[in-house]
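Examination of the molecular architecture
The chain contents come next:
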Amino acid sequence: MGILSKAHPRTRFCSRTSLFKITALLFIFSLLSLVLFKVDDSVTQIATQTKTVVGHNLGQTPWHRFPPKQLNENNTTKYGKAANLIKCTYFTCLFSSNPSNTPLNQHPKLLNSSTCPSFYRWIHRDLEPWAQSKIAQGNLMEAQAHAAFRVVIYSGKLYVDFYYACAQTRAMFTIWGLLQLLRRYPGMIPDVDLMFDCMDRSSVSRKRYRPRGRWPPPPLFRYCTTDWEFDIPFPDWSFWGWPETNIQPWDKEFSKIKKESEAQNWRNKTAYAYWKGNPYVASPARMELLKCNDTKLWGAEIFTQDWIKEKQVGFKTCDLASQCKHRYKIYAEGFAWSVSLKYILSCGSLPLMINPIFQDFFSRGLVPKENYWPVTYSNLCRSIKFAVDWGNANPSKAEEIGKGARDLMGTLNMETVYDYMYHLINEYSKLQNFKPVPPPTAQEVCMESVLCYANEREKGFLKGSIASPSLSMPCTLQSPDRELVENWIQKNRKIIDDVQEMEKIQMEQNDTKNIVPTSSMPPK
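Summarised in this report is the structure supplied together with it. Just so we're clear, the structure is a prediction, and the values are computed from it rather than from any experiment.

Here we take up the sheet that holds strand 8 (residues 326-331). The five strands lie next to each other as 7-6-8-9-10, forming an open sheet whose pairing is parallel. Two strands bound the open sheet, and with one partner strand each, they are strand 7 (300-304) and strand 10 (373-375). Across the sheet, the mean angle from the axis of one strand to that of its neighbour is 25 degrees, orientation sign disregarded. In this sheet, strand 8 lies alongside strand 6 (residues 270-277) in parallel orientation, the contact comprising three bridges. Each residue of the ladder has a partner; that of Ala273, found in strand 8, is Tyr328. The strands that helix 11 (residues 395-411) touches are strand 9 (350-354) and strand 10; relative to strand 9, the one it contacts most, it runs at about 80 degrees.

This is the structure in structure tokens:
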């Protein structure tokens, strides 16, 4: 009994020690489970909520549906996806090589700047609705309903708040263009807060917003506008390249087109009108154009562009530089304006423009019978035939107009594009009556973060369009002159009316004589 009595306290001590160990292990296990649960929850949130320049976790714009983008990701697991999002979105810009913080205008060896091209005056006209009322933060937030993303430039850095995905790589290359602007003019881009829509059609209607009613309209940037909308046109993404169609950055693409065009004498080119594109984009003009594919009857060759097949064969038959072998090239708007305009104008062929409704930032500088020939949609095939017949009967004048278009595109180099961006953003910033600050949901975006998300093909286009700091100040913007711009508009309308009158008279004469259109080929 004495021996058993002495062992009892020790047994109780061992039991207590084991119980303590078990309790400690259970506590550690519970704590570890909680940590792992929190980590997994955080990973899930990152993987499903982080919005990116390539479209992660972003839906389509409700006002313009388009095929969803397939994201090429090396690691499709939740943890792998989250790790890549953390790296590209949150870490790369911490170690980015920002341009010099020294403002460009403080460098002693800058070259003198020139006066801006005349079409820059449209900047004042585009911003005119806010000249008196200014832009309040409430106006800006009203524009969010129409925007795909919000851009804030603050202390020389770029922040983006993503709302919707953009078709293809539009968002990536548009934002890349803004980053290049910061590189070109370091320290000179003012703090600014703007809403941007990356889809085609303008949306801020002049019928809805009037000075004596609902005013001012919400300021919204996009690639085009019309006479009936307040949308503010901005250079489109393709100036920095369009990998989905194999179109190179603008300066490089223009040089290729010009070289190919000049290799053939204008009078040796095929004496027909030429168009190649995608007609199946809800474009009445393009669908009507398909009816004009008859060289003998209408003097036109019309081809359908199948981008899916082109991609499969390595874009071998859609090289833009090889499409300058005709005397006349037709421009037809797509769902809205088309980026094809600048490439058509670059050919040196006489551009035939079918009643354009939409305007991009530079097309307001085009003058009929100097840079293009106006074609009437209402009687399209006969209008094309009239233009071709006129050009073949007046080859020197037709060639001069084609050269005028190409020369104008020659002045639209990337220096001109960046200067336009600079002045538009600078003038817009002066109208904001609040201090721009990045919202909590915005992410800093830098060149490294964009490249981090880009695939190898996209990286080639992006790196091929990197800007260098300018050697001169931006061109000098002219002061506002509303009367001058109105005179331009009236002058252009009169020229178009004169051409349409010529066309009408010729058609009436042909109808009177019962003349059937014949081949447009001049006698050899």
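All right, on to the pattern of salt bridges then. Two side chains of opposite charge can pair, provided their charged atoms sit close to one another. Per the counting criterion, the structure on display carries 21 salt bridges. The partner of Lys435 in a salt bridge is Asp191, with the nearest N and O atoms 4.0 Å apart. With Lys435 in the loop between helix 12 (414-431) and strand 11 (443-445) and Asp191 in the loop between helix 5 (170-184) and strand 3 (192-196), this pair connects stretches of sequence that are 244 residues apart. We classify Lys435 as exposed; its relative accessible area is 57%. When its relative accessible area of 24% is taken as the criterion, Asp191 is described as partly exposed. Residue Lys342 is joined to Asp236 by a salt bridge in which the shortest nitrogen-to-oxygen separation is 3.3 Å. On the criterion of sequence distance, the pair formed by Lys342 in helix 9 (residues 340-345) and Asp236 in the loop between strand 5 (232-233) and helix 6 (250-262) is long-range, its members being 106 residues apart.

With that settled, the discussion passes to unusual backbone geometry. Pro216 follows Trp215 through a cis peptide bond whose omega is -5 degrees. Assignment of secondary structure puts Pro216 in the loop between strand 3 and strand 4 (221-222). In this structure, Ser155 is a non-glycine residue whose phi angle is positive, near 55 degrees. On the basis of relative accessibility, which here comes to 57%, the residue Ser155 falls in the exposed class. In this model, Ala282 sits at a positive phi of 55 degrees, which is unusual for a non-glycine residue. When you line up the elements, Ala282 lands in the loop between strand 6 and helix 7 (284-289).

Under the defined criterion, the tally for this structure stands at six disulfides. Two residues, Cys166 and Cys198, share a disulfide whose sulfurs are 1.9 Å apart. Residues Cys166 and Cys198 are joined by a disulfide whose S-S torsion is about -100 degrees; by sign, that bridge is left-handed. Residue Cys166 is located in the loop between strand 2 (157-162) and helix 5, and its partner Cys198 is located in the loop between strand 3 and strand 4; the two are separated by 32 residues in the primary sequence. Take Cys166: its relative accessible area is 2%, and that puts it in the buried class. Here the disulfide map of the protein reads 1-11, 2-10, 3-12, 4-5, 6-9, 7-8, the bonded cysteines being numbered as they appear in the sequence.

Burial runs high along strand 9: five of the five residues are buried. Judged by which residues are buried, strand 9 turns out to be covered on both faces: Leu350, Leu352 and Ile354 on one side and Pro351 and Met353 on the other are all buried. In this structure, strand 8 lies alongside strand 9, joined through four bridges in parallel fashion. Note on strand 9: the bridge partner recorded for Ile330 is Leu352. For the segment spanning strand 8, helix 9 and strand 9, crossover handedness is right-handed. Inspection of the sheet shows strand 9 paired to strand 10 by three bridges, in the parallel sense. Counterpart to Ile354 in the pairing with strand 10 is Val375.

This next bit is on helix 11. In this model, helix 11 (17 residues) spans 24 Å end to end at C-alpha, consistent with the 24 Å of a helix rising 1.5 Å per residue. Looking at helix 11, one finds that the buried residues are Pro395, Ala398, Ile401, Gly402, Gly404, Ala405, Arg406 and Met409. Considering only its buried residues, helix 11 is in contact with helix 6, helix 9, strand 9, strand 10 and helix 10 (380-393).

Before going further, it helps to spend a moment on the packing of helix 10 against helix 15 (residues 482-513). Running from N to C, helix 10 and helix 15 point in directions that differ by 100 degrees, and their axes come no closer than 10 Å. Relative to helix 15, the element helix 10 lies roughly perpendicular. Note on element contacts: helix 15 touches helix 10 through Val499, Met502, Glu503, Gln506, Met507, Asn510 and Asp511, opposite Arg382, Ser383, Phe386 and Trp390. Within the contact of helix 10 with helix 15, the residues separate by chemical class into five nonpolar, three polar and three charged.

Further remarks concern the environment of Trp237. Along the chain, the position of Trp237 falls in the loop between strand 5 and helix 6. Judged by its relative accessible area of 2%, Trp237 is buried. Residues Trp237 and Pro249, spaced 12 residues apart in sequence, show a C-alpha to C-alpha distance of 9.5 Å. Once residues within four sequence positions are removed from consideration, Trp237 is found in contact with Arg170, Phe173, Thr174, Tyr223, Trp242, Trp337 and Val339.

Parameters and conventions
- Residues numbered from 1 in each chain as written.
- Predicted model: local features only at pLDDT ≥ 70, side-chain atom pairs only at ≥ 80, totals over all residues.
- Heavy atoms only, no water.
- Pairing = 2+ DSSP bridges.
- Helix = DSSP H or I, 4+ residues; strand = E, 2+ residues; numbered from the N terminus.
- Axes fitted to C-alpha atoms, helices over the stretch in contact; angles between N-to-C directions.
- Contact = heavy atoms within 4.5 Å.
- Salt bridge = Lys/Arg side-chain N within 4 Å of Asp/Glu carboxyl O.
- Buried < 20%, exposed > 50% of the residue type's maximum accessible area, 1.4 Å probe, protein only.
- Disulfide = S-S within 2.5 Å.
- Right-handed = clockwise from strand over helix to strand, strands pointing away.
- Expected span 1.5 Å × (residues − 1).
- Parallel < 35°, antiparallel > 145°, perpendicular 65-115°, else oblique.
- Nonpolar A, V, L, I, M, F, W, Y, C, P; charged D, E, K, R; others polar.

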